Amino acid sequence: MDLSMYPAEPFRIKSVETIKMNTREERQEVIRKAGFNTFLIDSEDVYIDLLTDSGTNAMSDRQWAGMMLGDEAYAGSRNFHHLEKTVQELFGFKHVVPTHQGRGAENILSRIAIKPGQYVPGNMYFTTTRYHQESNGGIFHDIIIDEAHDASIDLPFKGNIDLNKLKALVDKVGAEQIAYVCVAITVNLAGGQPVSIANLREVYKYCQSKGIKVFMDATRCVENAYFIKEREPEFKDASIRDIVREEFSYSDGCTMSGKKDCITNIGGFLCVNDEELFTAAKELVVVFEGMPSYGGMAGRDMEAMAIGLKEAMQEEYIEHRIRQVRYLGERLMEAGVPIVEPVGGHAVFLDARRFCPHLTQSQFPAQALAAAIYVEGGVRSMERGIISAGRDKQTGHDHAPKLETVRLTIPRRVYTYTHMDYVARTVIQLFRHKEDIKGLKWAYEPKQLRFFTGRFEQL
Ligand SMILES: *Cc1c(COP(=O)(O)O)cnc(C)c1O
């Protein structure tokens with residue numbers, strides 16, 4: 001192991017939160033009571049919480065100081081103006097509509113930009129994004145490169161769009177039947193895989209030639225920028241700030257979950273350049289979120305988000321962030337644990353098909369593996385496989401994704417390398433007795449986004 005690959009934390013710790021470990025017997029009881037769903041475990045029963053990087057970030061002293069500067073007026077809060085100016089400067093879009101979190105922005109965009117029966121091509125689906133597209137009559141169409149669906153193929157930009165897939169769809173249904181193209185940077189469900197500038201360029205050029213709009217799911221746009229700096233020679237000397245601006249220059253707007261790359265605990269926004277869409281978005285935001293100058297956030301939340309977004313662009317921050325995640329992935333690979341390669345931006349994804357070859361996909365190997373990891377060491381992860389993929393709206397059959405994974409997601413600035421060592425040890429230990437992992441069946445299946453609250457029994 002080359003330690004120079006893993007920069008030490010570019011921060012020191014000013015406030016700490018004690019965590020404690022329960023016993024294996026207690027964890028067995030906890031997981032049974034939680035219906036073998038890690039979403040239903042109490043946080044107090046978890047030692048290392050890698051459920052998600054969403055809203056689990058540690059804010060900086062400056063962000064906390066910003067919280068005290070909250071202008072809690074109902075309308076025209078100065079914190080909104082700070083956020084608006086920051087986003088306009090860093091992303092380059094004309095208009096910013098705040099929302100309570102990313103899905104609030106997805107709801108509004110889907111309502112104003114999709115006509116029933118239109119297609120929404122995207123580089124792999126995301127759970128809440130697809131839900132809002134479909135509930136507004138849109139038809140999601142996957143246009144990510146084939147390799148993204150194969151856990152064992154190592155490519156620098158595994159989140160890229162296959163332009164031929166997009167062209168084939170447009171040729172088949174006609175450009176007017178495309179609501180917009182949704183480009184996620186990075187691609188969460190593919191393993192946090194990045195998209196290159198070269199790809200963003202060619203997709204946008206093609207879409208412009210056809211009069212099709214491009215909207216980005218900007219959730220991890222800073223992490224994506226780091227991979228571009230690292231892997232796309234044209235950008236090796238560019239600043240992260242410049243790369244982020246460049247990314248968005250190939251789109252007409254974006255939805256953003258502030259809970260990821262804004263390093264906050266809540267918040268989100270929608271950006272658009274188009275005046276008509278902006279007016280339509282403002283009309284809807286008052287119905288679902290709040291005034292266009294707060295969108296479901298407190299003034300202090302908007303202040304923390306504006307400060308966090310600037311901190312996320314610091315070169316030392318983002319380098320440590322990406323390398324810490326990679327550190328965990330590489331410790332697991334060294335021990336022969338099958339993971340999605342290459343390691344992405346926010347998480348290490350275990351390949352549950354190869355981890356549990358004794359289970360078929362209908363026995364929910366990833367769900368079972370996530371439960372087993374919790375019992376093994378008090379580490380909480382989440383399923384990203386057949387349970388998350390849900391059922392087809394038309395046929396009612398399960399979507400059966402090729403990727404059947406367990407996601408170990410690293411919160412920003414929360415855990416140290418030693419915590420990563422502990423997680424690696426836990427997973428490796430389990431891997432040595434993986435045959436003991438039992439398959440699962442449904443005890444209760446919710447109709448929507450079933451992975452959040454579904455319950456299971458062991459086979
Ligand atoms: C988290 C996430 C969202 C939704 O954002 P929320 O803030 O959780 O509502 C959308 N897209 C991607 C890729 C995400 O990771």
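Rules and cut-offs
Residues numbered from 1 in each chain as written. Predicted model: local features only at pLDDT ≥ 70, side-chain atom pairs only at ≥ 80, totals over all residues. Heavy atoms only, no water. Domains from an automatic or database assignment. Contact = heavy atoms within 4.5 Å. Salt bridge = Lys/Arg side-chain N within 4 Å of Asp/Glu carboxyl O. Polar contact = N/O pair within 3.5 Å; in protein donor to acceptor, adjacent residues only side chain to side chain. Helix = DSSP H or I, 4+ residues; strand = E, 2+ residues; numbered from the N terminus. Near = heavy atom within 4 Å. Areas by Shrake-Rupley, 256 points an atom, 1.4 Å probe, with all protein chains shown as cover. Nonpolar A, V, L, I, M, F, W, Y, C, P; charged D, E, K, R; others polar. Buried < 20%, exposed > 50% of the residue type's maximum accessible area, 1.4 Å probe, protein only. Pairing = 2+ DSSP bridges. Axes fitted to C-alpha atoms, helices over the stretch in contact; angles between N-to-C directions. Arc of directions from axis to C-beta.

## Comments concerning the domain arrangement of the protein
Quite often, the size of an interface is put as the accessible area lost when its parts meet.
At step 1: When cut into domains, the protein gives domain 1 (3–53 + 315–458) and domain 2 (61–312).
At step 2: A separation of 25 Å is found between the C-alpha centroids of domain 1 and domain 2.
At step 3: Contacts between the two partners involve 36 residues from domain 1 and, on the opposite side, 42 residues from domain 2.
At step 4: Linking domain 1 with domain 2 are 9 salt bridges.
At step 5: Linking E230 and R326 is a salt bridge whose minimum nitrogen-to-oxygen distance equals 2.9 Å.
At step 6: Between the two partners, domain 1 and domain 2, sit 21 residue pairs in polar contact (both at pLDDT 80 or more).
At step 7: Broken down by secondary-structure element, the contributors of at least two residues to the side of domain 1 that touches domain 2 are α12 (315–334), β9 (347–351), α15 (386–389) and α17 (450–453).

## Description of the site of the ligand
At step 1: Taken together, 15 residues surround the ligand, and among them G102, R103, D217, S257 and K260 come closest.
At step 2: One nitrogen or oxygen atom from the side chain of R220 is found 2.9 Å from an oxygen atom belonging to the ligand.
At step 3: Interatomic distance of 2.6 Å between a side-chain N/O atom of S257 and an oxygen atom of the ligand.
At step 4: Protein burial of the ligand: of its 380 Å² of free accessible surface, 97% is covered by the chains.
At step 5: Every element with two or more residues in the shell around the ligand is listed here: α4 (102–113) and α5 (127–135).
At step 6: A per-element tally of the shell around the ligand places α4 first, with 3 residues.
At step 7: Across the shell around the ligand, the residue classes break down as 1 nonpolar, 8 polar and 6 charged.

## Some details on the environment of I114
At step 1: Residue position: I114 is located in the loop between α4 and β3 (119–122).
At step 2: On the basis of relative accessible area, I114 is assigned to the buried category, the value being 7%.
At step 3: Look past the residues within four positions of I114 in its chain and what remains in contact with it is L109, V120, Q133, N136, G137, G138, A179 and Y180.

## Notes on the side chain of R331
At step 1: By secondary structure assignment, the location of R331 is in helix α12.
At step 2: Note on R331: relative accessible area 9%, which makes it buried.
At step 3: Apart from residues no more than four positions distant in its own chain, R331 is found in contact with M1, Y6, D421, A424 and I428.

## Quick notes on the sheet that holds strand β12 (residues 405–409)
At step 1: Spatially, β9-β12-β11 is the arrangement adopted by the 3 strands of the open sheet, whose pairing is antiparallel. The sheet terminates laterally at β9 and β11 (382–384), the two strands that pair on one side only. Within this sheet the neighbouring strands show an average axis-to-axis angle of 35 degrees, counted without direction.
At step 2: Looking at chain direction, β9 and β12 are connected through 5 bridges and run antiparallel. By the bridge assignment, V348 is partnered in β12 with L408.
At step 3: Along the sheet, α12 contacts β9 and β12; its crossing angle with β9, the most-contacted strand, is approximately 25 degrees.

## Let's talk about helix α6 (residues 163–173)
At step 1: Residues of α6 that are buried include every one of L163, L166, L169 and V170, and no others. All buried residues of α6 fall inside an arc of 125 degrees around its axis, so they share one side. Projecting away from the buried face of α6 at angles above 90 degrees are the exposed residues N164, D171 and K172.
At step 2: Elements that come into contact with the buried residues of α6 comprise β3, β4 (139–142), β5 (181–184) and α7 (197–210).
At step 3: The distance from a side-chain oxygen at the start of α6 to the backbone nitrogen of N164 is 3.0 Å, and the residue carrying that oxygen is D162.
At step 4: Once α6 finishes, G174 follows within two positions and takes phi at roughly 95 degrees, a positive value.

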